[in-house]
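Residue-level structure breakdown
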Amino acid sequence: MKKIIIAGPGNSGSGAIFDFLKDRDDVFLPFENQEFRLVNDPDGIRDLEHNLYYNFSINGASNSMYAFKKFCKHLESKKKIIIHQNFIIYVKNISKILHT
């Protein structure tokens, strides 16, 4: 089985590619009819990067890590194919380091 990952920032056309592929019978969508949006969704990687690097404050960083961890846990529990367990462990370890 070949795997294709479709990713792109907003308004790049990645949604159109996704819509085209989801109508095909020979394509398996691990997240049903939803796009995987770990990067762009609220509390995703983009928000995490912004709050850790560009708009840093102790409370903001802590809140952002908590929100990102919660977001990842939600993705893990709701999707047919979950985020790789090593990624979840990595997020938990980073969170522990920031809270010490």
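How each quantity is defined
- Residues numbered from 1 in each chain as written.
- Predicted model: local features only at pLDDT ≥ 70, side-chain atom pairs only at ≥ 80, totals over all residues.
- Heavy atoms only, no water.
- Buried < 20%, exposed > 50% of the residue type's maximum accessible area, 1.4 Å probe, protein only.
- Helix = DSSP H or I, 4+ residues; strand = E, 2+ residues; numbered from the N terminus.
- Arc of directions from axis to C-beta.
- pLDDT = per-residue confidence, 0-100.
- Salt bridge = Lys/Arg side-chain N within 4 Å of Asp/Glu carboxyl O.
- Patch = residues over 30% accessible without salt bridge, like charges linked within 9 Å, V, L, I, M, F, W, Y side chains within 5 Å.
- Areas by Shrake-Rupley, 256 points an atom, 1.4 Å probe, with all protein chains shown as cover.

**As for helix α1 (residues 14-22)**
Residues of α1 that are buried: Ser14, Gly15, Phe18 and Leu21. On an axial view of α1, the arc spanned by its buried residues comes to 125°, and they lie on one face. In α1, the exposed positions angled more than 90 degrees off the buried face are occupied by Ala16 and Phe20.

**Points about the confidence of the model for the protein**
Reading fine detail from the predicted coordinates is not recommended where pLDDT is low. On average, residues of the protein score 75 in pLDDT, and 69% of them reach the 70 mark or higher. Mean pLDDT across the secondary structure elements of the protein bottoms out at helix α4 (residues 85-98), with 66, and peaks at helix α2 (residues 45-54), with 88.

**Observations concerning the pattern of salt bridges**
Side-chain pairs of opposite charge can arise whenever the charged atoms involved come near each other. Counted under the stated rule, the structure contains 2 salt bridges. Salt-bridge contacts for Asp26 lead to Arg24; the nearest nitrogen and oxygen are separated by 2.8 Å. Asp26 gets classed as exposed once you look at its relative accessible area, which sits at 56%. By relative accessible area, Arg24 is classed as partly exposed at 37%.

**Quick word on a nonpolar patch on the surface**
There is a patch of nonpolar side chains on the surface, built from Ile4, Ile6 and Ile17 and spanning about 280 Å² of accessible area. Mapped onto the secondary structure, Ile17 falls in helix α1. By relative accessible area, Ile17 is classed as partly exposed at 45%.

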